[in-house]
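Residue-level listing of the chains:
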Amino acid sequence: MKKAFLKPPVKRKLLIILLLCLFTSSALQLYTFGTNAGFFANWFRMFFTLFVLVATTVLAIVPGVNYLVNKTSELLR
């Protein structure tokens, strides 16, 4: 039996982040630049940048800081 690469809660978070970044980058691209010749290249660059920043923040930085704060508070008790 194969192990799942990503657990279901992480998959769900990634899907939500992906959809939010997709809609945000689309709206921002259309509002700022309109539909110019390099629409898809700019849109993909904006989407990828937003996705990496938000996914790193939500899946790595926030849980890491939470873990460190909890461990520090346990040590100070």
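Refer to the structure presented above.
Values in this document were obtained by computation on a predicted structure and should not be read as measured data.

Caption draft 1: Inspection of the overall build of the protein at higher detail. Helices and strands together make up the secondary structure of the protein, namely two helices and zero strands. What you see for the protein is a C-alpha radius of gyration of 18 Å, clearly larger than the 11 Å of a compact globule of 77 residues, by over 25%. Considered along the principal axes of its C-alpha atoms, the protein spans approximately 60 × 40 × 15 Å. The proportion of buried residues among the 77 residues of the protein is 12%. Relative to all contacts within the protein whose residues are 6 or more apart in sequence, the contacts with residues 24 or more apart total 52%.

Caption draft 2: Local environment of the environment of serine 25. Take serine 25: it is sitting in helix α1 (residues 8–32). Relative accessible area serves as the criterion here: at 0%, serine 25 is assigned to the buried category. Taking the C-alpha atoms as reference points, serine 25 and phenylalanine 48, 23 residues apart in sequence, are found 9.0 Å from one another. Sequence-distant contacts of serine 25, defined by excluding residues within four places in its chain, comprise Trp43, Met46, Phe47 and Leu50. In terms of polar contacts, serine 25 uses its side chain to reach the side chain of tryptophan 43, at 3.3 Å.

Caption draft 3: Highlighting the packing of aromatic side chains. Summed over all chains, the structure comprises four aromatic pairs. Consider the rings of phenylalanine 39 and phenylalanine 40, whose centres lie 5.1 Å apart with planes at 80°: the pair is edge-to-face. Looking at phenylalanine 39, the relative accessible area reads 16%, which means it is buried. On the numbers, 6.0 Å between centres and 25° between planes, the contact of phenylalanine 47 with phenylalanine 51 is stacked.

Caption draft 4: α1, seen in detail. Counted at 1.5 Å a residue, the expected span for α1 with its 25 residues is 36 Å, and the 36 Å between its end C-alpha atoms agrees. Considered for burial, the residues of α1 that qualify are Ile17, Cys21, Ser25 and Gln29. On its buried side, α1 packs onto α2 (39–75). Within two residues after α1, glycine 34 carries a phi angle of roughly 75°, on the positive side.

Quick notes on the rules
- Residue positions within a chain follow its written sequence, with the count starting from 1.
- Local features in this predicted model are restricted to residues of pLDDT 70 or higher, and side-chain atom pairs are both shown and tallied only at a pLDDT of 80 or more, whereas totals for entire chains, interfaces and linings draw on every residue.
- Values reported for side chains reflect all heavy atoms of the structure, with hydrogen atoms and water molecules removed beforehand.
- Helix numbering and strand numbering both begin at the N terminus, where a helix is a DSSP run of H or I of at least 4 residues and a strand a DSSP run of E of at least 2.
- Radius of gyration: over C-alpha atoms. The globule rule applied is 2.2 Å multiplied by the number of residues raised to the 0.38 power.
- Only protein chains enter the accessibility calculation, which uses a 1.4 Å probe; a residue whose area is less than 20% of its type maximum is buried, one above 50% is exposed, and one in between is partly exposed.
- Contacts are assigned to residue pairs with any non-hydrogen atoms lying within 4.5 Å of each other.
- Here a polar contact is taken to be a pair of N or O atoms separated by no more than 3.5 Å, where protein atoms must pair a possible hydrogen donor with a possible acceptor and residues adjacent in sequence count only if both atoms sit in side chains.
- Each Phe, Tyr or Trp ring, with Trp reduced to its six-membered ring, pairs with another whose centre is within 6.5 Å; inter-plane angles below 30 degrees give stacked pairs, above 60 give edge-to-face pairs, and intermediate values give tilted ones.
- Here a helix's expected span is defined as the number of its residues, less one, multiplied by 1.5 Å.

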